[in-house]
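Each chain, written out:
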Amino acid sequence: MDQGRGVPGAIILAPRTKNTRTQNQELRTPHSEPRTKNTRTQNQELRTPRPNSPFSIFNSQFTPISLSLTNLCMFQILSYTTKNFEVNMRYDVIIVGAGPAGLAAAIYSARGGLTTAVFEKAMVGGQITVTEEVENYPGFEEPISGFELTAKMQAQAERFGAVFIEEEITAMGMEGLCKVIEAGGQYYRAKSVIICTGAHPRRMNVPGEERLTGRGVSYCATCDGAFYRDKVVAVVGGGDSAIEEAMFLTRFAKKVIIIHRRDELRAQKIIQERAFRNPKMEFIWDTVVQKIHGETRIEKLELVNRKTTDITMLPVDGFFIYIGILPSNQLLESRINLDSAGFVYTDEYMHTNIPGIYAAGDIRYTPLRQVVTATSDGAIAAWSAEKWIIENEDEFEVDCAEQ
Ligand SMILES: Cc1cc2nc3c(=O)[nH]c(=O)nc-3n(C[C@H](O)[C@H](O)[C@H](O)COP(=O)(O)OP(=O)(O)OC[C@H]3O[C@@H](n4cnc5c(N)ncnc54)[C@H](O)[C@@H]3O)c2cc1C
């Protein structure tokens, strides 16, 4: 399908080579296709903007000065010039991030009859795609891979008409009723935005870590602990969550060895005391992991004592890294309320402090970060967005009118 030729509002895009589930995807205007139709076809194409496209910002009233300032200060640009550039596409709901939270939000939003676009900068499915066996998502008696689980969610969302766009959202204008989004040099308007940008564990950045993630290296005891029955596992970290997750692992593993870079833990005293009393726990002090060894699975850790500089090998079946979890919040500037670690505060309706903007999943300040909680958040956020849109229908007609 030749997008942009005679299709008002369509975008012309160029082929992309990203490692995403859909190498070739086609964008459609939600108003030009029946909403209930599956919007993904076998050989869909993504293209980048052509300067001469009637739908390109290069033909709009956006000035060169504005363009050069864009990278420096997009939020202000979007705030002051929303009337001066061409908006390529309008949606009821734009979802930022296609992890489990974004996918569930897309299912609820599109099924509710709202035109819905989901933007994903990397891999549709989010963090869970690296996990080979998800055992704790309801409805799957046997383990399912994270990739397959989220592929099903994507297909379900597409069946209701959600559009997936393989672009990073790089700026968001939050002012007014109608929000403005920038992605891949294009501008989009939405009546509501759901932020599902997720989080990621802090990496150690040692050799072997990336290659053996999901093959014995894990960042989540709740997710993977049950795979280590009667095995020996090591945990790196000394804070509350490292020690609590290590204690959780003792339910399964026969031995849990904490490796800590200092000679005392940072965790609260009461948590430490419980850990020291646990007969399955052992501690290696003043030590860091400098390499993770293993061919197809983890085999051993190469440790270095920071005081003596002695190097030792520790054979393990699993290795859990707890040196912090980082929110993917680069997009959110000071106007969205965040906790001290950078996670978004919401209420139980997933409202942020900005009307019309919701947050769901791991990016939220929340006690549990799992697929099931992310999908639940996504559903609530989409439901809240729908109510918001219905309640403000008359105002949207003025504020989001065609320019
Ligand atoms: C190794 C590992 C194993 C796990 N195992 C389990 C398990 O067995 N069971 C379980 O329930 N949970 C598990 N989890 C936790 C689970 O993966 C997360 O709780 C869940 O993925 C959170 O979903 P989310 O949609 O909130 O965020 P994410 O999965 O982090 O998805 C966010 C998405 O947003 C995209 N994004 C970010 N910023 C932008 C932007 N500006 N523009 C466009 N896209 C953007 C990212 O690329 C990403 O794809 C595991 C996590 C890890 C790391």
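Scroll up a little and you will see the structure.
Reading the values: rules and limits
Residues numbered from 1 in each chain as written. Predicted model: local features only at pLDDT ≥ 70, side-chain atom pairs only at ≥ 80, totals over all residues. Heavy atoms only, no water. Axes fitted to C-alpha atoms, helices over the stretch in contact; angles between N-to-C directions. Helix = DSSP H or I, 4+ residues; strand = E, 2+ residues; numbered from the N terminus. Parallel < 35°, antiparallel > 145°, perpendicular 65-115°, else oblique. Left-handed = near helix turned anticlockwise from the far one by under 90°. Contact = heavy atoms within 4.5 Å. Nonpolar A, V, L, I, M, F, W, Y, C, P; charged D, E, K, R; others polar. Near = heavy atom within 4 Å. Polar contact = N/O pair within 3.5 Å; in protein donor to acceptor, adjacent residues only side chain to side chain. Disulfide = S-S within 2.5 Å. Buried < 20%, exposed > 50% of the residue type's maximum accessible area, 1.4 Å probe, protein only. Expected span 1.5 Å × (residues − 1). Core = buried A, V, L, I, M, F, W, Y, C linked by side-chain atoms within 4.5 Å. Phe/Tyr/Trp six-rings, centres within 6.5 Å; stacked < 30°, edge-to-face > 60°. Lys NZ or Arg CZ within 6 Å of the ring centre and 35° of its normal. Patch = residues over 30% accessible without salt bridge, like charges linked within 9 Å, V, L, I, M, F, W, Y side chains within 5 Å. Areas by Shrake-Rupley, 256 points an atom, 1.4 Å probe, with all protein chains shown as cover. Salt bridge = Lys/Arg side-chain N within 4 Å of Asp/Glu carboxyl O. Lys, Arg positive; Asp, Glu negative; His and termini not counted. Charge placed at Lys NZ, Arg CZ, Asp CG, Glu CD. Pairing = 2+ DSSP bridges.

So, the packing of helix α2 (residues 100-111) against helix α3 (residues 146-159)
When two helices pack together, their arrangement is given by the angle between the helix axes and the distance between those axes. Direction vectors running N to C along α2 and α3 enclose 25°, while the axes themselves pass 8 Å from each other. Judged by the inter-axis angle, α2 sits roughly parallel to α3. α2 and α3 meet at a crossing whose hand is left-handed. Together, Pro100, Leu103, Ala106, Ile107 and Ala110 of α2 and Thr150, Met153, Gln154, Gln156 and Ala157 of α3 make up the contact between the two elements. When its residues are assigned to classes, the contact of α2 with α3 shows seven nonpolar, three polar and no charged.

Some points on the site of the ligand
Around the ligand, the surrounding shell holds 32 residues, and the nearest of these are Glu120, Gln127, Asn136, Asp362 and Val371. Note that a nitrogen atom of the ligand is positioned 2.9 Å from one of the side-chain N or O atoms of Asn136. At 3.3 Å, a backbone N or O of Arg369 approaches an oxygen atom of the ligand. Its residues placed into classes, the shell around the ligand shows 16 nonpolar, ten polar and six charged.

Concerning the state of the cysteines
Following the criterion strictly, the structure yields one disulfide and no others. Each sulfur in the disulfide pair Cys220 and Cys223 lies 1.9 Å from the other. Measuring the twist about the S-S bond at about 70°, one finds the Cys220-Cys223 disulfide to be right-handed. Residue classification places Cys220 among the buried residues on the basis of a relative accessible area of 18%.

Some thoughts on helix α8 (residues 371-391)
With 21 residues, α8 should reach 30 Å at 1.5 Å per residue; the first-to-last C-alpha distance of 30 Å fits that figure. Among all positions in α8, only Val371, Ala374, Thr375, Asp377, Gly378, Ala379, Ala381, Ala382, Ser384, Ala385, Trp388 and Ile389 are buried. The inward-facing, buried residues of α8 abut β1 (89-96), α2, α3, β6 (186-195), β17 (357-359) and α9 (393-399).

Some remarks on the nonpolar core
Counting 38 residues, the largest nonpolar core has Val93, Ile95, Leu149, Met153, Phe164, Ile194 and Tyr358 as its most contacted members. Dropping the residues within four chain positions of it, Leu149 is found in contact with Val134, Tyr137, Phe140, Ile144 and Val371. Counting residues in each nonpolar core, the second largest holds 25 residues, with Met89, Ala117, Ile165 and Ile336 among its members.

With respect to the packing of aromatic side chains
If you walk through the whole model with that rule in mind, you get ten aromatic pairs. Site record: aromatic cluster; members linked through ring pairs are Phe276, Phe283 and Trp285. Directly above the aromatic system of Phe343 lies the positively charged group of Arg369, at a separation of 3.9 Å from the ring centroid.

Considerations on the environment of Arg111
Along the polypeptide, Arg111 turns up in helix α2. Between the C-alpha atom of Arg111 and that of Phe160, which follows or precedes it by 49 residues, the distance is 5.2 Å. Sequence-distant contacts of Arg111, that is, excluding residues within four places in its chain, are made with Ala106 and Phe160.

With respect to a positive patch on the surface
A surface patch of like charges, here positive, comprises Arg261, Arg262, Arg266 and Arg306. Within the element layout of this structure, Arg306 appears in the loop between β13 (300-305) and β14 (311-315). Relative accessible area serves as the criterion here: at 45%, Arg306 is assigned to the partly exposed category.

As for α2
Helix length check: α2, at twelve residues, gives a terminal C-alpha distance of 16 Å against a target of 16 Å (1.5 Å per residue), a fit within 8%. Counted residue by residue, α2 has ten buried out of twelve residues, so it is predominantly covered. The set of residues buried in α2 consists of Pro100, Ala101, Gly102, Leu103, Ala104, Ala105, Ala106, Ile107, Ser109 and Ala110. The elements touched by buried residues of α2 are β1, β2 (116-119), α3, β3 (163-165), β6 and α8. Looking one or two residues past α2, Gly113 carries a phi angle of roughly 90°, positive in sign.

Focus: the sheet that holds β14
Ordered in space as β12-β13-β14, the three strands form an open sheet in which the pairing is antiparallel. Two strands close off the open sheet at either side, each with one partner strand: β12 (287-293) and β14. If you compare each strand with its neighbour and ignore which way they point, the axes differ by 30° on average. Sheet topology places β13 next to β14; five bridges connect them, and they run antiparallel. Bridge pairing in β14 places Val304 opposite Ile311.

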